[in-house]
Structure formats: structure tokens, C-alpha cells
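# Fold and contact review
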Amino acid sequence: MIYDIIVVGGGPAGLAAAVTAYEAGVEKILVVERDYMLGGILNQCIHNGFGLHKFKEELTGPEYSQRYIRRLQESSIEVATETMVLKVTADKEVHTLSEKNGFQVLKAKSVILAMGCRERTRGAINIAGDRPSGVFTAGTAQRFINLEGFMPGREVVILGSGDIGLIMARRMTLEGAKVKGVYELMPYSNGLTRNIVQCLDDFDIPLHLSHTILSIHGKSRLEGVTVAQVDENRKPIDGTEEYVACDTLLLSVGLIPENELSNQCGIHMDPTTKGPVVTQTRETSVPGIFACGNVLHVHDLVDYVSEEAETAAMGAVEYIKNASEKGDFAKTVGTAGITYVVPQSVEITKDTQRTKMYMRVDRVYANASIEATVDGKVLLSKKFERLMPGEMASLQVPGNVLDQAAGKELVFQVQGGEK
Amino acid sequence: MYDVLIIGAGVVGCAVARELSRFDLSVGVLEKDSDVSNGTSKANSGIVHGGYDGEPGTLKARLGVDGNAMFKELDKDLQFGFNKCGSYVLAFDENDHEELKKLYEKGMKNNTRNISLVGRDFVLANEPNVNPNIHSALYCGSAGIISPFEFTIALAENAGDNGVEFHLETPVTAIKKGGSGYLVYSGNQVFQTRFVVNAAGLYSDVIAGMAGAGSFKITPRKGEYLLFDKEVGGTVGSVLFQTPKKDSKGILVTPTIHGNLMIGPNAQHVDDKESLLTTREGLQEVATQARRTVPKLDMSKVITQYAGLRSSLETYDFIMEETLTGFINLVGIDSPGLTSSPAMAKEVVGMLDDAGLAMKEKKNYISYRAPYIRMDRMSNEEINELIVQDRRFGKIVCRCESISEGEIVDVLHRSIPVRSIDGIKRRARVTSGRCQGGFCTPRVMEIMTRELDLDMLEITKNNKGSNILTGITKKGLGGMKK
């Protein structure tokens, strides 16, 4: 049995990719999910605010994923839950392991990678000190509270102002814990502005910018942390150390795309996004293998994940129909304030359509523009009231601009703007 | 009434326990922590040293070389995993090279097997990621790597299988002469024994003091380590030391038996025997030194860092003596203690024999201990056979290391009880991958509640008091099992 498309991962990206491909006429689709239910990390995101762009209403995480799961249940898409993908090969074999079927090798005409991401840990950011219990990533704490009904602690310090950390500051407060403060290394928050307001300000939880944790204390359970201010080079300032007693430390210090399968498969990776290098159809360097969602680059809104998954699905549909025509590539490059651009290249054919480019900036800008240039010539400019690293920016590039970039570099940069 | 009571379930205590379990004796082990191998034995470099650097004529030299020679056979019996990958001591200049010559001479006197002085090109041909600016090296082909805690656990499990009784969470509080030997107290509990073997590591001086068996002073020396993702595990293929300095064998860069890359340790005197805290400065020092050996180390691939304590004496050598009648001290066992432990255990048996303990070999002694089930070492066909027998091997719990529920259940039902997340981690490797337990901890805890009949709230990370959870949510299930 050869599947037309195998989707690796049943979270928001995988779900949207599968239903899009199905609704575009592809019948033999399999979604492989390692957890026992579909929905991915959305299942534990019981707060609202999902779907504002996509559905023009505020949904919870499970409500958002349910919209896709319903469409999937009405289709003939096959689903294999509690099934771990061990390997994906360049000739599109998918090696799986499950209780039900043991070890299996499945074949597909096209594969869509949608494995999501994982949280950076204490080890990854190298916080010194003791190694007590009570140190969690914010997502693990979220799972304990929202899915298991357990409290991971009572007196909480949060390091990092990523969205999951902000959401958990509110959630733990609502469950009766005392959140003593959120400490952020950078001089700005990495979370969405609405989360700073709704999760911290509304609950009088202090946000300490330009701060870090120097050391963790406690031999069995966490007893406290030493925090300090940092200078503009992010080095701790002597004399600003402060001991904060707490029994719980939540880390919300960034997400890393889970690309172990992509790496094994030999897919070219972007060192900045930590995801595959892709074209505008989200095709990776291995023909017929596509990637979307947080495995490709970390998104701040699930709405964009769904949108990108639809793009990848349509790419896969075209691929299995052998309809793709070969053209010149325009390489996309971020410079002067732009840290990365996805997709990393655009294939220019005679009917190249306008293409949406996602990008992130290196710091906060007010009243700035993002410009697209080819050979130093500005072909496109879009004004932004505010640009910040925590909120992804996007730019629609029309076909005629892309045409001019064929075989060249399409360069994006921030122009102007107050700091 | 025990014939022999061993205090301390580190590698030395467990090696002695296993050696004694060959005989018709009643043997007990008292351990203060919640698991065996929870002190010095759990956090060290995991190196089976070649034995070239011990001062000739010392116990360290003799037991190091003898111990090294035993590992191949031990691994056959106990299946903990031993990779005789060899080691290099790197010299960066002429002065270092002079030190290497001295080391080589020592090695020859100590009867170290397979050592030679080699040139820069030889090293770089075998270890292409080593700093090209090195001068020369001392190669030792008999050195290798093990997991120090898995080795200790394997010794303990085999001893347990052969009837040794382990008492965990049983700290010794007093020792008195009495009965026909000693009365060893742990709070209200009292254990009677003819002989005592003091293998209490960092606390061996305290234990000796309690019995009036000599006054020693253990000065803990801390070493910090950084562990890298398996993704960069292949950066080096053997153990890479630098020319040693006074207090330690120098910062090393080494593969681990599980395929990670590890760097460390530094050496720092501390007063607190429980001080396992890492410092920014210390970790920085380790990283800087290790980059001297392998300049291309990518520190962003570090997945965790930790510290271990060496239980050192001010004097150089191990102390191994029957200080009081029937009371054997094994004190000051720092490096190469792990390597020496099996040879030391054989010698302890000899000492007990000399002291009048009748050694009659057991008829039903089992030297073999089944390895933990490791699906990552199996073929696809073998995995399928396993899953047909038990479906739980098809259910992956730890995604980073691809560890199944079956493998976790296997480690929970051995002769040494496991009650903590770290205990399971040391046996089945769950939570030891790049997500460091972020995804699998809740699922491992669920399996523990079912298999060990524990409540979620009782589950600890490590020792008593290190509970993972503090309570239930307002509308929580109240710890009800799903």
C-alpha cells in the first residue's frame, strides 16, 4: 500500500495539511501521531485567543483543533495515533512503531513534516546551581495542570516572557499559586503584547526586563533563585543580585523545532530558524518532502501555522500530480534588522503568484518599514507601526516583484524606525 | 544477624556486595539515599582508566591496573556496557611532553597494558577534531568507558539476585560493639553483624568515627560536567585528556556509553558533602578548557550540566584496612575508584577470609545479570518479536531517546526497588534526552503510579522531599488514577 501523502504529526499543522490535501482531491492520506489523541499541544492550551485571524473569533486550543478534527473525521483520511515515526527516508519511506502494528515501513508519494517543537530546558540555557525538583518548562507545568489536574508548585518564579510562560503566570494564579514575578533577559518581552496585558498586568504580576537567574538553590525541592539585572551585553551587573524564595521555577525561554527526523533524512537546514530550508510551497531540499508549522520555524499564532500548512498541502498535491514546472529560484535573504525569512527561496515560473513571506526582526522598532530589494533596488515597502521580535511580521510579495528576483537574491530589510 | 554489613551502596559497596554474594553468607547493605549509586558513583567521568598515572607501589596503581583487566569479563556477566575505546593524554608543548614521558614511565612500572607515546599526526589521524596545535600524546589502548551508575546498579542487582539485602533510605546514625560483632543503628532500627565494611564514600570518615575506627578527613573535591546532545556524540571516538595538573586528571572530552559527548571535570575543594551546585565560573572553565582539546565544540548543543564530588583524603592513596577487628575501612576512594572497585572487592573478600569469616561458595550463585531491554540495540525483526510478546514495547514514552513503556516496566521490577524519576532515568534513560523530561515526565509518573502503586503526589525526582508535584488543582482529580 502506497499512500499519496503521509503527514508526520497530528497537531495543528498536520491536521490542516491533511484536510487541505483531502479537500483538494487527494484520497490516500495518513496522519501519524505519537500521542493518543490528535490536536498536539493545543490540547493543553485551554485558554482562549486562538483563531482570531482564521475564524474571526476567540477559540480555546481544543476548540481550534476540533474544527480541523471534525473535518478530518468527515473524510476518509486515515489516522494512526500512539504511533511513533522513527525515521523518514529520502525516498519517502516512513518507519513507524506502535503497540498495534509493531515496527512498520510505510511508503508515500509525498511526506509532510509537521512534528512541531519542544521547549528549551534549563540545560540548554545553562543555569548554574543545585538540581532540585520544582524546575519545569512552562509547557510541562501546563500539561500537569490542564490535562492531569495537578499543581506543580505554590510559589512561582518564571524565567522568560515567552507566551507559554505568560499564560502560565495567569493560569497558576487562577489556581491559587503566587507568581512572584516574570524575569526576562532582553530589554523587551518575547511574548505577544496582548498576553503581557491579559496575563501579567491584569493580575499585578511584575515583569522584570533585563534580568536573569544566576543560580538555583535547594537540595531536594527548589527553595529559591538568585536573580540579577543584566547590562546591554546581557552580562549580570555586580551588586544587583537578589534572592527570591520560591518552590517552583517555570522556564519559558524559547522553542526549538523538532527536526531530528529531518536531519536524519538529509534535509538542508536553516541555522537561524532551526527548521528546513523551503521553497514557497514549503518543499524541503528533498523533493516531495514538505514541512510546515513549528517544525519549520516557531510561530506565535496557530492561525499562521494553519495557513502555512495549507500552503504545504497544496505543494504536496501539486507534487504528486507531477504538475510542478521547473523555474529559476529567487533566494530570500534577511539583513539589516531581519533575522530570518521563510520561505528561504521562491521558484519563479511563468505564472508565479504573489507569495507571503514570514519574517522576524532583531529588536523593537516603531514606525519602521520593511523593504524588499533586488540588486539594491527597492521594489516593495510596507509600513509597520510597531515591529518586535516576539511578533512575526509578514509581507505579501506580488508575482511581478518575484519575477524580477529570478536567479537573484530578494533582500528584506528594516528601514527607519525609532528604537 | 548479618555476617557482613556494608555501609554505602556506591560502586565500592556494591562491588563488595556482589563479590560476597558468591558465598554462603548473610550480607546486608545500608544506604542513606533512595537509590544505589546516588553519590560519587553517579556523577563522575565513567572512565575505566588504563592505570598509568597511579604512583607505583600504591593501591591506586595496583588496583587500577588489576581492576581495568576485569571489566571485559564483568561486562559479559553483568551486561552494563563497556566500550574499550582507548584514551589519549594530549601534550600541547614540550613541557607537557616531558610530563607525558614521566606518565609513560609510571605506566610501565605499573604494568599498564597497551600504552605508547605517539606523535601529533597519529592523534589527528584517529581523532580529526582534536586541536591541530597539539604536540604529542600518550595513547592507552586498555582504557575505556562505562556508565558509572549503570555499572553500580548492575552490581547491586546481581548481588540482590544472589540474596544480598539492600536497605535504602537507611542512614547509619550510630555504631556500637555488641553481640559477636557490631550493632549498627539507623534511628530506631538496629542491625547486628559480625563484620562491617565501611564503603560510605564521602561519609566514610564519619562512619569510621562513629565506630571509633580511626580518624580520617574526607575533603570533597567537586567536579563540574557538561553533557551534549547525541547529535554531536561522534565528535570524538576516544577519551581525550590533557596533560594532568595537580588536583585532577585534567578536563576531558569523551564519548559516553550512550552516545552523548561529555566534558569535565574541573576540581574545586568544597566543605559541604552535599554541595552539588554548579557555578557559572566553573562551567565556563570546563568549556574553555575543553575547547582547547576540541576547538569546534558547539556549546549550544549542551543538554544538561551537573557536578559530582570526589571523596578524597589529604594523603594520596586509598585506605583499605581492618582498622578495628571486624571493621574494614575503605576510605578516600577517589579516582581511579571506579576502575579499582572490582579488584578492591576481591581484596576485601580476602581480608574477610583472613579475619576468620568462613567462605563457602554458593551452589546456586548466578553470575549473569540480564541487561535492560534496549530496543535501540535491536533489529526491526527483534523489535517486532518483542512487541508480539508484550505490546507495551510498541508504545514509545520518551520521544527523544525512543524508549518504550515496556523498557520502563522492565527496570521497575528488578531486585533493587526504584521509586524516583532520576532512578528510572539512570536505568532506562527516560528524561535524559534533549527535552530533559519535558514531554515524558508526566507519562513516566503515570506508569510509576500503576506499577509501583504510588500516588502521583508521592513521586520524587530523587531523594525524600524532592516531590515533583505539590497538590491538586481546584477541580483536579484528587490523585485519582485514570
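Cut-offs used in this document
Residues numbered from 1 in each chain as written. Chains lettered and ligands numbered in written order. Predicted model: local features only at pLDDT ≥ 70, side-chain atom pairs only at ≥ 80, totals over all residues. Heavy atoms only, no water. Helix = DSSP H or I, 4+ residues; strand = E, 2+ residues; numbered from the N terminus. Rg over C-alpha atoms; globule rule 2.2 N^0.38 Å. Buried < 20%, exposed > 50% of the residue type's maximum accessible area, 1.4 Å probe, protein only. Contact = heavy atoms within 4.5 Å. Areas by Shrake-Rupley, 256 points an atom, 1.4 Å probe, with all protein chains shown as cover. Axes fitted to C-alpha atoms, helices over the stretch in contact; angles between N-to-C directions. Parallel < 35°, antiparallel > 145°, perpendicular 65-115°, else oblique. Left-handed = near helix turned anticlockwise from the far one by under 90°. Arc of directions from axis to C-beta. UniProt positions renumbered as here; feature names shortened; annotations may be inferred. Buried area = accessible area lost by both parts, 1.4 Å probe. Salt bridge = Lys/Arg side-chain N within 4 Å of Asp/Glu carboxyl O. Polar contact = N/O pair within 3.5 Å; in protein donor to acceptor, adjacent residues only side chain to side chain. Nonpolar A, V, L, I, M, F, W, Y, C, P; charged D, E, K, R; others polar. Pairing = 2+ DSSP bridges.

## Overview of the overall build of chain B
Within chain B one finds twelve helices and 23 strands. Compactness check: chain B gives a C-alpha radius of gyration of 23 Å against a globular reference of 23 Å for 482 residues, within 12% of the reference. Seen along its three principal axes, the alpha-carbon backbone of chain B occupies a region of about 65 × 55 × 45 Å. Burial status across chain B gives 62% buried among its 482 residues. Expressed as a percentage of contacts within chain B between residues at least 6 apart in sequence, the contacts between residues at least 24 apart total 73%. As presented, chain B carries roughly 18,300 Å² of accessible surface, and 49% of it is formed by carbon and sulfur atoms.

## A word on the packing of helix H1 (residues 11-20) of chain B against helix H8 (residues 337-354) of chain B
Residues and elements named next belong to chain B. Packing of H1 against H8 leaves a shortest axis separation of 8 Å and a crossing angle of 50 degrees. Accordingly, the angle class assigned to the pair H1 and H8 is oblique. The hand of the H1/H8 crossing is right-handed. Touching Val11, Val12, Ala15, Val16, Glu19 and Leu20 of H1 are Leu338, Ser341, Met344, Ala345, Lys346, Val348, Val349 and Leu352, all from H8.

## Some points on helix H9 (residues 380-389) of chain B
Of all the residues in H9(B), the buried ones are B:Ile383, B:Leu386 and B:Ile387. Considered in projection along H9(B), the buried side chains sweep an arc of 95 degrees and stay on one side of the axis. With respect to the buried face of H9(B), the exposed residues turned more than 90 degrees away are B:Glu381, B:Glu385, B:Val388 and B:Gln389. At its buried positions, H9(B) is contacted by strand E7 (93-98) and strand E8 (102-113) of chain A.

## Topic: the UniProt feature "domain: BFD-like [2Fe-2S]-binding" (unreviewed entry) in chain B
The UniProt record marks residues 396-449 of chain B with the feature "domain: BFD-like [2Fe-2S]-binding" (unreviewed entry), using the residue numbering of this structure. A helix fraction of 46% and a strand fraction of 9% characterise residues 396-449 of chain B, whose end C-alpha atoms lie 18 Å from each other.

## A few points about the interface of chain A and chain B
On the side of chain B, 57 residues touch chain A, which itself brings 53 residues to the contact. Per-residue buried area on chain A facing chain B is highest for A:Glu99, A:Arg131 and A:Phe150; these three make up 16% of the total on that side. Put simply, chain A and chain B have four salt bridges between them. In this structure, B:Arg399 and A:Glu258 form a salt bridge, with 2.8 Å as the shortest nitrogen-oxygen distance. Applying the counting criterion to the chain A and chain B interface returns 25 residue pairs in polar contact (both at pLDDT 80 or more). A per-element tally of the side of chain A that touches chain B places helix H4 (residues 138-148) of chain A first, with six residues. In the side of chain A that touches chain B, the residues fall into 21 nonpolar, 15 polar and 17 charged. Of the strand pairs in this sheet, strand E12 (residues 150-151) of chain A and strand E23 (residues 471-472) of chain B are connected by two bridges, and their pairing is antiparallel. Within E23(B), the residue paired with A:Phe150 across the bridge is B:Ile472.

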